[in-house]
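# An overview of the molecular structure
Chain residues, written in single-letter form:
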Amino acid sequence: AQTVTQSQPEMSVQEAETVTLSCTYDTSESDYYLFWYKQPPSRQMILVIRQEAYKQQNATENRFSVNFQKAAKSFSLKISDSQLGDAAMYFCAYRSAGSSNTGKLIFGQGTTLQVKP
Amino acid sequence: DAGVIQSPRHEVTEMGQEVTLRCKPISGHNSLFWYRQTMMRGLELLIYFNNNVPIDDSGMPEDRFSAKMPNASFSTLKIQPSEPRDSAVYFCASSYDRFLVYGYTFGSGTRLTVV
C-alpha cells in the first residue's frame, strides 16, 4: 500500500522569504501523480501544484515550485516570496495512475505553515 | 461555476440521532468522493462514485455509514445512529473523470459535532 509522510508538523517563515515543505512517499508503482493542497483556516482544500511521475521536469506555478526526486521518493514544495496569505496547512497527496488508478488520493498528515510579518 | 457545494456547513447533533450530509458536485463532473478529516487520522477516503455508481466503499467505517448518489447532481452521506467519535470534517469532492491527471475540486466541508 502507498503511504505519504510529512515529517514537519509545523513550519514558520518570514514574509518575503522562501520556505520548503518536505514530503516523502512509499510506492512500488512507477506511474503516479503527486499533489500539494493548501487548507487555509476557511477549511477549503485548494490545489496548489501537481506533478506527473513520468515527467522529469519539476512543476512550477508562480511562486510555488516542487523538487521531485523520483528515485528518493521525495516531493518537496518550495514557496518563494512568502505572503501572509500563504499561512495554511499544506498536504502532500499521492494518486495512482494507469490501470491501478482508482481516483483515490492518499494524503500526508499535513504541515502547518506560519508566515510572520 | 459555483464549485462543489456542501450543506450544512456546520452540524451539531446528539448521540444516537441520524445525520445527513449533502453534496452537489460541479456540473459535468462524473466522479464524486467523500473524505473525512480528523486530527488523529488525517484525511481518509470513505467512498467514491463514478457515474453515480459506488466504486469503492472500503473506507466506510461501519454499517452506520451509508452514501447514495441518486443522480449526477446530488449525493448524501448518512450516519445512523451518530456517535461522538464521528465528529469530524466531512469533505465532498468531484472530478471530471477518475483517470484525470488533475486533483479534484473539494467542497468547503461540513463540520460535524456529535455530543
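Coordinates for the structure precede this section.
Residues numbered from 1 in each chain as written. Chains lettered and ligands numbered in written order. Predicted model: local features only at pLDDT ≥ 70, side-chain atom pairs only at ≥ 80, totals over all residues. Heavy atoms only, no water.

### Description of the nonpolar core
Residue and element names in this part refer to chain A. Grouped together as the largest cluster of nonpolar side chains are 26 residues, with contacts concentrated most on Tyr-25, Trp-36, Phe-75, Leu-77 and Tyr-90. Listing elements by their share of this core, those giving two or more residues are strand E3 (19-21), strand E5 (32-39), strand E6 (46-52), strand E8 (64-69), strand E9 (74-79), strand E10 (88-96) and strand E12 (111-116). A total of four residues in this core trace back to one element, the largest contributor, which is E10. Not counting residues up to four positions away in its chain, the partners in contact with Tyr-25 are Thr-3, Val-4, Tyr-32, Leu-34, Phe-68, Gln-69, Lys-70, Lys-73, Ser-74, Phe-75 and Tyr-94. (Core = buried A, V, L, I, M, F, W, Y, C linked by side-chain atoms within 4.5 Å. Buried < 20%, exposed > 50% of the residue type's maximum accessible area, 1.4 Å probe, protein only. Helix = DSSP H or I, 4+ residues; strand = E, 2+ residues; numbered from the N terminus. Contact = heavy atoms within 4.5 Å.)

### Here's the deal with the pattern of salt bridges
Residue and element names in this part refer to chain B. Throughout the structure, instances matching the rule amount to twelve salt bridges over all chains. Between Glu-44 and Arg-41 there is a salt bridge, with the nearest N and O atoms lying 2.6 Å from each other. One salt bridge connects Arg-85 with Glu-62, and the closest N-O pair in it is separated by 3.2 Å. Here the residue Arg-85 occupies a position in the loop between strand E8 (74-79) and strand E9 (88-95), and Glu-62 occupies one in the loop between strand E6 (53-56) and strand E7 (65-71), the gap between them amounting to 23 residues. On the basis of relative accessible area, Glu-62 is assigned to the partly exposed category, the value being 27%. The network of salt bridges with common partners includes Glu-62, Arg-64, Glu-83, Arg-85 and Asp-86. (Salt bridge = Lys/Arg side-chain N within 4 Å of Asp/Glu carboxyl O.)

### Considering the pairing of strand E11 (residues 110-114) of chain B
Where a strand is regular, its side chains alternate between the two sheet faces. Residues and elements named next belong to chain B. Alternating positions in E11 separate cleanly, Thr-110, Leu-112 and Val-114 being buried on one face and Arg-111 and Thr-113 remaining unburied on the opposite face. With four bridges joining them, strand E2 (residues 10-13) and E11 adopt parallel strand pairing. Note that in E11 the partner of Val-12 across the bridge is Thr-113. Bridge count for E9 against E11 is three bridges, and the pairing is antiparallel. Residue pairing in the sheet places Tyr-90 in a bridge with Thr-110 of E11. (Pairing = 2+ DSSP bridges.)

### Regarding the interface of chain B and chain A
Interface size is often expressed as the accessible area that is lost when the parts come together. The interface of chain B with chain A comprises 28 residues on the first partner and 21 residues on the second. Counting each side, the surface lost to burial between chain B and chain A is near 2000 Å², with a carbon and sulfur contribution of 47%. For the interface between chain B and chain A, the tally reads zero salt bridges. In this assembly, chain B and chain A are joined by ten residue pairs in polar contact (both at pLDDT 80 or more). Secondary-structure elements contributing two or more residues to the side of chain B that touches chain A are strand E4 (31-38), strand E5 (42-50), E9 and E11 of chain B. With four residues, the single largest contributor to the side of chain B that touches chain A is E5(B). Here the side of chain B that touches chain A is built from residues that sort into 15 nonpolar, eight polar and five charged. (Buried area = accessible area lost by both parts, 1.4 Å probe. Polar contact = N/O pair within 3.5 Å; in protein donor to acceptor, adjacent residues only side chain to side chain. Nonpolar A, V, L, I, M, F, W, Y, C, P; charged D, E, K, R; others polar.)

Honestly, it's all geometry; don't read function into it.
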